[in-house]
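If you want the building blocks of each chain, they are given just below.
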Amino acid sequence: QVQLTESGGGLVQAGESLRLSCEVSGRYSMGWFRQVPGKERDIVATINRDDGTTWYAAAVKGRFTISRNNAGNTIYLQMNQLKSEDTAVYFCAARIHKVANINQHAYDYWGQGTQVTVSS
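Keep in mind that what you see is a predicted model, and the values were worked out from it rather than measured.

As for the packing of aromatic side chains
Part 1 of the argument: For the structure shown, the criterion picks out five aromatic pairs.
Part 2 of the argument: Both rings, one in Phe91 and one in Trp110, keep their centres 6.4 Å apart while their planes meet at 75 degrees; by these two values the pair is edge-to-face. With Phe91 in strand 9 (residues 88-95) and Trp110 in strand 10 (residues 109-110), this residue pair connects regions lying 19 residues apart in the sequence.
Part 3 of the argument: Judged by its relative accessible area of 28%, Trp110 is partly exposed.
Part 4 of the argument: By way of ring pairs, the aromatic residues Phe33, Phe91, Tyr107 and Trp110 are connected into one cluster.
Part 5 of the argument: Residue placement shows Arg41 over the ring face of Phe91; its charged tip is 3.8 Å from the ring centre.
Part 6 of the argument: Stacked on the ring of Trp110, the Lys or Arg Arg41 has its end atom at 4.7 Å from the ring centre.

Side note on the nonpolar core
Part 1 of the argument: Of all hydrophobic cores here, the largest spans 28 residues; its most connected members are Met30, Trp32, Leu77, Met79 and Tyr90.
Part 2 of the argument: Mapped by element, the contributors of at least two residues to this core are strand 3 (18-24), strand 4 (29-35), strand 5 (42-47), strand 7 (64-68), strand 8 (74-79), strand 9 and strand 11 (114-119).
Part 3 of the argument: Setting aside residues up to four positions removed in sequence, Leu77 forms contacts with Leu18, Arg19, Leu20, Trp32, Val44, Ala45, Phe64, Thr65, Ile66 and Tyr90.

Details of the pattern of salt bridges
Pairing between side chains of opposite charge can happen when their charged atoms approach one another.
Part 1 of the argument: Throughout the structure, instances matching the rule amount to three salt bridges.
Part 2 of the argument: In this structure, Asp86 and Arg34 form a salt bridge, with 2.9 Å as the shortest nitrogen-oxygen distance. In this pair, Asp86 sits in the loop between strand 8 and strand 9 while Arg34 sits in strand 4, placing the two residues 52 residues apart along the sequence.
Part 3 of the argument: Given the relative accessible area of 0%, Asp86 is considered buried.
Part 4 of the argument: Accessibility expressed as a relative area gives 14% for Arg34, which makes it buried.
Part 5 of the argument: For Arg49, the salt bridge identified is with Asp50, shortest N-O distance 2.9 Å.

Regarding the pairing of strand 9
Part 1 of the argument: Of all eight residues making up strand 9, seven are buried, and the element is well covered by its neighbours.
Part 2 of the argument: Across seven bridges, the pairing between strand 4 and strand 9 is antiparallel. Looking at the pairing, Trp32 lines up with Cys92 of strand 9.
Part 3 of the argument: Pairing of strand 9 with strand 11, which is carried by three bridges, proceeds in the antiparallel orientation. What sits directly across from Val89, in strand 11, is Gln115.
Part 4 of the argument: Strand direction decides the pairing type here: strand 9 and strand 10, joined by two bridges, are antiparallel. Residue pairing for strand 10: Ala94 is matched across the bridge by Tyr109.

Criteria and cut-off values
Residues numbered from 1 in each chain as written. Predicted model: local features only at pLDDT ≥ 70, side-chain atom pairs only at ≥ 80, totals over all residues. Heavy atoms only, no water. Phe/Tyr/Trp six-rings, centres within 6.5 Å; stacked < 30°, edge-to-face > 60°. Helix = DSSP H or I, 4+ residues; strand = E, 2+ residues; numbered from the N terminus. Buried < 20%, exposed > 50% of the residue type's maximum accessible area, 1.4 Å probe, protein only. Lys NZ or Arg CZ within 6 Å of the ring centre and 35° of its normal. Core = buried A, V, L, I, M, F, W, Y, C linked by side-chain atoms within 4.5 Å. Contact = heavy atoms within 4.5 Å. Salt bridge = Lys/Arg side-chain N within 4 Å of Asp/Glu carboxyl O. Pairing = 2+ DSSP bridges.

Here it is, written out as structure tokens:
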């Protein structure tokens, strides 16, 4: 059973930073998604399983960074210059394929989510 455990969410002021972590039992291509009530779950960033290639949504490019530790079992999302529109529940997801994907339905396993609230 693959387990993903997110942490690091919280309440911050606009302009501040947060770092989310996702512990995963195994090495996978990973994605961070976010969702606000009543809306679709949106892709935020991805990282490939083997070559570490990353991708970012336009809304976060230049402010957010996805990375993984050397062991490959913890994925991070460093979020800088946070804005009120970044407020959402953030989910990490794991994909067995070596190439990540921006489509949520391409992922095999999901974490439980962590709330990020940015006050303006």
